[in-house]
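Each chain, written out:
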Amino acid sequence: MSETLERPATIETAQPRRDVEAWLQAFEGALADGRVDDAAELFGATSFWRDLVAFTWNITTVEGREGVRDMLGAVLGDVRPSTFRVEEEPTEAGGVTEAWITFETGVARGRGHLRLKDGKAWTLLTTMTELKGFEEPLAERRPMGAEHGASRERRTWSEKRAAEQASLGHDTQPFVLVVGGGQGGIALGARLRQLGVPAIVIDKHERPGDAWRKRYKSLCLHDPVWYDHLPYLDFPKTWPVFAPKDKIGDWLEMYVKVMELNYWSKTVAKNARFDEAAGEWIVTVERDGEEMILRPKQLVLATGMSGKANMPNFPGMDRFEGEQHHSSQHPGPDAYKDKRVVVIGSNNSAHDISAALWEAGADVTMVQRSSTHIVKSDTLMEKSLGDLYSERALKNGITTAKADLIFASVPFRIMHEFHIPLYEEIARVDADFYAGLEKAGFRNDFGVDGSGLFMKYLRRGSGYYIDVGASQLIIDGKIKLKGGQVEAITPTGVKLDDGTELPADLIVYATGYGSMNGWVADLVSPEAADKVGKVWGLGSDTTKDPGPWEGELRNMWKPTQLPNFWFHGGNLHQSRHYSQYLALQLKARLESIPTPVYALAESHHAR
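Quantities reported herein were computed from a predicted structural model and do not represent experimental measurements. (Residues numbered from 1 in each chain as written. Predicted model: local features only at pLDDT ≥ 70, side-chain atom pairs only at ≥ 80, totals over all residues. Heavy atoms only, no water.)

1. Description of the pattern of salt bridges
One pass over the structure, following the stated rule, counts 49 salt bridges. Its salt-bridge partner being Glu 88, residue Lys 402 comes within 2.8 Å of it at the nearest N-O pair. Residue Lys 402 is found in helix α12 (residues 400–408), and its partner Glu 88 is found in the loop between β3 (82–86) and β4 (91–93); the two are separated by 314 residues along the sequence. What makes Glu 88 partly exposed here is its relative accessible area of 29%. A single network of salt bridges, built from pairs that share partners, joins Arg 109, Glu 130, Glu 135, Glu 140 and Arg 141. (Salt bridge = Lys/Arg side-chain N within 4 Å of Asp/Glu carboxyl O. Helix = DSSP H or I, 4+ residues; strand = E, 2+ residues; numbered from the N terminus. Buried < 20%, exposed > 50% of the residue type's maximum accessible area, 1.4 Å probe, protein only.)

2. Points about the nonpolar core
Nonpolar side chains in soluble globular proteins generally cluster together in the buried interior. Counting 163 residues, the largest nonpolar core has Trp 23, Phe 27, Trp 49, Phe 55 and Leu 72 as its most contacted members. When residues of this core are assigned to their parent elements, the largest contribution, eight residues, is made by helix α19 (residues 572–590). Discounting residues that sit within four places of it in the chain, Phe 55 has contacts with Trp 49, Met 71, Leu 72, Val 75, Val 79, Pro 81, Phe 84, Phe 103 and Thr 126. Membership of the second largest hydrophobic core comes to 14 residues, among which are Val 342, Val 367, Val 486 and Ile 489. (Core = buried A, V, L, I, M, F, W, Y, C linked by side-chain atoms within 4.5 Å. Contact = heavy atoms within 4.5 Å.)

3. A short note on the packing of helix α10 (residues 377–385) against helix α13 (residues 412–429)
Two elements in contact, α10 and α13, have axes whose closest approach is 10 Å; the angle formed by their N-to-C orientations is 145 degrees. Relative to α13, the crossing made by α10 is right-handed. From α10, Thr 379, Leu 380, Lys 383 and Ser 384 reach across to α13, where they touch Leu 422, Tyr 423, Glu 425, Ile 426 and Val 429. Tallied by class, the residues present in the contact of α10 with α13 amount to five nonpolar, two polar and two charged. (Axes fitted to C-alpha atoms, helices over the stretch in contact; angles between N-to-C directions. Left-handed = near helix turned anticlockwise from the far one by under 90°. Nonpolar A, V, L, I, M, F, W, Y, C, P; charged D, E, K, R; others polar.)

4. Comments concerning the packing of α12 against α19
At a minimum axis distance of 11 Å, the contact between α12 and α19 shows a crossing angle of 80 degrees. With respect to their mutual orientation, α12 and α19 come out roughly perpendicular. In contact with Thr 400, Asp 404, Leu 405, Phe 407 and Ala 408 of α12, α19 contributes His 573, Arg 576, His 577, Tyr 578 and Tyr 581. Split by residue class, the contact of α12 with α19 holds five nonpolar, three polar and two charged. (Parallel < 35°, antiparallel > 145°, perpendicular 65-115°, else oblique.)

5. Description of the side chain of Asn 571
Looking at the element boundaries, Asn 571 is found in the loop between β25 (565–567) and α19. Residue class for Asn 571 comes out buried when judged on its relative accessible area of 14%. Reaching out from Asn 571, the side chain makes a polar contact with the side chain of Tyr 227 at a distance of 3.3 Å. In this view, Asn 571 contacts Gln 183, Asp 223, Tyr 227 and Tyr 457; residues no more than four positions away in its chain are not counted. (Polar contact = N/O pair within 3.5 Å; in protein donor to acceptor, adjacent residues only side chain to side chain.)

6. Some remarks on unusual backbone geometry
For the peptide bond that leads from Gly 547 to Pro 548, omega is 5 degrees, which places it in the cis range. Mapped onto the elements, Pro 548 comes out in the loop between α18 (526–532) and β25. With a phi close to 75 degrees, Tyr 232 is a non-glycine residue in the positive phi region. Along the chain, the position of Tyr 232 falls in the loop between α7 (210–213) and α8 (245–258).

7. A look at helix α15 (residues 453–460)
Among the eight residues that make up α15, eight are buried, leaving the element largely enclosed by the rest of the structure. All of the buried residues along α15 are Leu 453, Phe 454, Met 455, Lys 456, Tyr 457, Leu 458, Arg 459 and Arg 460. Looking at the buried side of α15, the elements it contacts are β18 (373–376), α12, α13, β19 (464–467) and α19. Of the residues trailing α15, Gly 461 is marked for its positive phi of about 70 degrees.

8. Some thoughts on the pairing of strand β17 (residues 363–368)
Each regular strand carries side chains that alternate between the two faces of the sheet. Here β17 lies mainly inside the structure; five of its six residues are buried. The pairing of strand β16 (residues 340–344) with β17 spans five bridges and is classified as parallel. Across the sheet, residue Arg 340 finds its bridge partner in β17, namely Asp 363. Taken together, β16, helix α9 (residues 348–359) and β17 form a β-α-β motif whose crossover is right-handed. (Pairing = 2+ DSSP bridges. Right-handed = clockwise from strand over helix to strand, strands pointing away.)

9. Examining the sheet that holds β16
Pairing within the open sheet is parallel, and its five strands lie in the order β15-β24-β16-β17-β20. In this open sheet, the two strands that pair with only one neighbour each are β15 (323–326) and β20 (480–483). The sheet shows a mean angle of 20 degrees between the axes of neighbouring strands, taken without regard to direction. Helix-sheet contacts for α9 involve β16, β17 and β24 (506–509), and the interaxial angle to β17 is about 165 degrees.

Shown next, in the form of structure tokens:
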């Protein structure tokens, strides 16, 4: 036994535990007795309680004692919380005591994270981990597989799978239909499978993973492998830190097979309407050229928060004599050697495509219409992600699952406060790099409040580039840079508002993506899209993220204003983490567990 384990607890190490246990005891007692005011007084005047489904059947954050009082007043009678326990030894630093906790409700078990300041809760995270009586078949609950003994009625695993696949969607209906079979739909499909929820994932492509394979050939993940695992099945230890697109595509295809998803490729959802009397969606799909009707109780749109292309409508586009396409349709650089290419945009796709075109021998000009946040990949890994998602983090006991909860424990209202000093340090460390960009005429920013990349991602899903090499090409003048607005597309190029005309054989519109409710307009109706409202963003009242303040990402992974309709997606990290909470909400509805939703989000913005 190690010296550390043998040493008795000191006053310094024991005090944080005593503080946390005293708070939990008081909190649980107040909840058990229905003393909502007393429970609220255990929170600081400035405080935040983020709940992922456990108390609210929603994903929501309440702020301050009034927020806690309102939430508990609405949900406490249904939730019946109990058994709050310290899970790991609490820690204290800088006047903040932190603790991992577990708890139960009447129908579920949960895990959470607590931060205390001056004996009061500053932040509290509560998450649902499993429904009682409907636990996933994991570890000691895993299925036997082999059926020992003899039976003339025996059916093999493959026969059972074939029968299920032949029946679902024909003789029997899925409880959940997931529209979109990228990483989001696949991750959710895996969660639903383990929870025993009959589900079909549909995708327009020929094979799982084609949404990655069919993008421009230089595309690779800009997030590191530790950040990107899918549920249940981590990437192997030999996996590259930044995976190329085709490798991701092959992994997703393999994952669909080994996780036994009911995945329909070459299938397009044509239209959908909700049958209120039956409490189900009527969805017309075309599967490999054959039209059919599905009647799921729950409909999930997993078409990607960066899935509906924003194709601009510049004057003269119809007269351009060359080739033009959105970045999502870019085939790669091979056909454009010695061609003049204008890339309109200056975010991730614009940089990746420009760099690949330059490598292929094209003459590339990037048009920067507004300032962009640039951060070097290596610096981001070291300064931002390294403590949570890296080999260093794993050696310190921070698994991907634990890192996800640490990330989730920081309320969005104050998250920028944690990021501002981080990006001030990044600006200092990479001062020469940023000076080079400025000298080249590139307009860089760190967000409206200096909080950098992830806050831009949450607020607007755009406006940044993680540099993996293209920035140096701009600094060196190898990728030409021109600032300004597009006035018109001429037959031979791009005319800017300063009168400059850029000759082009190819124009790539790296102009981003629209809100996911644009897909709702296409699939259901424009009225339904406006009813559900804008998807993504926090309501921070910053560029492309209009207020009012939401406290959470709009409409993601939680009930919406449309009955039995859900949005799922985000990057690989979000697809993995939040698929758990969406799957639990869907499972509860399958099993007719009451799910009274607290603070159903209102719609403030149409498309």
